[in-house]
Amino acid sequence: MFLLVIFVFTVSVASAQYNNGIPVLLYHHVSQDKTDLPGLTVTPDEFSRQMTMLKQAGFETISPKTLIAYMRQEPVTLPPKPIMITFDDGYEDNYTEAFPILKQVGFSAVVFMTGVNVDREMRLSQKQIKEMSDNGIYFGGHSFTHRDLTTLKGKDLYREMEDVKKLIQWVTKKDVDVFAYPFGYFTLDAWEATEAAGYQAAFTVLPGLNKPEQDNEFLLRRIPIYNNTDFAVLFKLLDANRPKTKLLEYTPYYRNEQTAE
Ligand SMILES: [Zn+2]
């Protein structure tokens, strides 16, 4: 009986560490070269520092399937400090710079790839996508052409979801379950098309943590990391698992004029 009490106490303390929900971080470029999207470029040293801080504090990355199960309130085993690392647009530096750092700290991540960018200059090639996919990196759809989905309807909208899903599934030989709306813009039509195309969940750029009953798995929240994000400030909020409203305290530490792509 005493042991049972200890067990129940331990489980409740452990689960309390993500009581306010699970954070999903959003990156774009990891590079020394800041000519493309300066506000959305984190240097490799800074990315390494951020991943190491999270690792040393006991954060563990979870898979899309685990996050989806948690959001659906299905039985799932979560680490005490779950987190998800994501990248939008599929830049080549995700392979050359971020991938080795993630491997070093033992983190997984999700790369949301735009269909037309596969094999383009400065973007991930099919070979790089396959290698990452075979080594702990998950891939999701980020539309086929990176158009603003709020301007599309019907078949045009559906094909943005379906074509990229088919392409990435063909390259990785794995199911693609997750989608990220380009620019974070979504409509009810876009949500419905994402679900109809067979995705299990979709990500926005609404900031905050993800918690079942408060959030929907087709409107998942992400915290964008900018070149001038004060990660120490954000880290303290993440480590304390502060609620959504408190997490917004980190917003003065990045430039408001920058919008996540
Ligand atoms: Zn994008």
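So, how was this worked out
- Residues numbered from 1 in each chain as written.
- Predicted model: local features only at pLDDT ≥ 70, side-chain atom pairs only at ≥ 80, totals over all residues.
- Heavy atoms only, no water.
- Helix = DSSP H or I, 4+ residues; strand = E, 2+ residues; numbered from the N terminus.
- Buried < 20%, exposed > 50% of the residue type's maximum accessible area, 1.4 Å probe, protein only.
- Contact = heavy atoms within 4.5 Å.
- Areas by Shrake-Rupley, 256 points an atom, 1.4 Å probe, with all protein chains shown as cover.
- Salt bridge = Lys/Arg side-chain N within 4 Å of Asp/Glu carboxyl O.
- Pairing = 2+ DSSP bridges.
- Right-handed = clockwise from strand over helix to strand, strands pointing away.
- Arc of directions from axis to C-beta.
- Axes fitted to C-alpha atoms, helices over the stretch in contact; angles between N-to-C directions.
- Parallel < 35°, antiparallel > 145°, perpendicular 65-115°, else oblique.
- Left-handed = near helix turned anticlockwise from the far one by under 90°.
- Nonpolar A, V, L, I, M, F, W, Y, C, P; charged D, E, K, R; others polar.

Asks: Just checking my understanding: could you explain the overall build of the protein chain for this structure?
Replies: A count of helices and strands for the protein chain gives nine helices and 10 strands. Buried residues in the protein chain amount to 51% of all 261 residues. Excluding contacts between residues fewer than 6 apart, the proportion of contacts in the protein chain whose partners are at least 24 apart in sequence is 68%. Accessible surface for the protein chain amounts to roughly 12100 Å². Of this, 53% is attributable to carbon and sulfur atoms.

Asks: Hey, could you run me through the pattern of salt bridges in this one?
Replies: Pairing between side chains of opposite charge can happen when their charged atoms approach one another. Counted according to the given criterion, the structure contains 12 salt bridges. Close ionic contact of D134 with K130 constitutes a salt bridge, the shortest N to O distance being 2.9 Å. Residue classification places K130 among the partly exposed residues on the basis of a relative accessible area of 28%. D189 is the partner of K153 in a salt bridge, and the nearest nitrogen-oxygen pair spans 2.6 Å. Within this pair, whereas K153 is found in the loop between β7 (137–141) and α6 (154–172), its partner D189 is found in helix α7 (residues 188–196), the two being separated by 36 residues in sequence. Connected via shared salt-bridge partners are R72, E74 and E217.

Asks: Is there a simple way to think about the pairing of strand β6 (residues 109–113) in this case?
Replies: With five of five residues buried, β6 lies mostly within the body of the structure. With burial as the criterion, each face of β6 is covered, one bearing A109, V111 and M113 and the other bearing V110 and F112. Pairing between strand β5 (residues 82–88) and β6: three bridges, direction parallel. Across the sheet, T86 pairs through a bridge with V110, a residue of β6. As for the winding sense of the linkage, the β-α-β connection from β5 through helix α4 (residues 93–105) to β6 is right-handed. One ladder, built from five bridges, connects β6 with β7; its direction is parallel. The residue bridging V110 from the neighbouring strand is Y138, located in β7. In this region the chain leaves β6, passes through helix α5 (residues 126–133) and returns to the parallel neighbour β7; the handedness of that crossover is right-handed.

Asks: Looking at this structure, I do not really get α7. What am I missing?
Replies: Spacing of three or four residues puts side chains on the same side of an α-helix, whose turn is 3.6 residues. Three or more residues of α7 are buried, namely A190, A193 and T194. Seen end-on, α7 carries its buried residues on one side only, within an arc spanning 100°. Opposite the buried face of α7, at more than 90 degrees from it, the exposed residues are L188 and A196. Along its buried surface, α7 packs onto α6, β8 (178–180) and β9 (201–203). Positioned one or two residues after α7, G198 has a phi angle of 100°, which is positive.

Asks: Help me understand the packing of α4 against α5, please; the structure alone is not making it clear to me.
Replies: For any two helices packed against each other, the geometry comes down to the angle between their axes and how far apart the axes lie. For the pair α4 and α5, the least separation of the axes is 10 Å and the interaxial angle reads 25°. Here α5 runs roughly parallel to α4, going by the angle between their axes. Our pair here, α4 against α5, has a crossing hand that is left-handed. On α5, the residues touching N94, Y95 and F99 of α4 are Q128, E131 and M132. Of the residues assigned to the contact of α4 with α5, the class counts are three nonpolar, two polar and one charged.

Asks: In this structure, what is going on with the packing of helix α2 (residues 44–56) against α4? I would like to understand it.
Replies: Between α2 and α4, whose axes approach to 10 Å, the crossing angle comes to 25°. Compared by their axis directions, α2 and α4 come out roughly parallel. In this structure, α2 meets α4 at a crossing whose hand is right-handed. Between α2 and α4, the residues in contact are P44, F47, S48, M51, T52 and K55 and E97, A98, I101, L102 and V105, respectively. A per-class count over the contact of α2 with α4 returns seven nonpolar, two polar and two charged.

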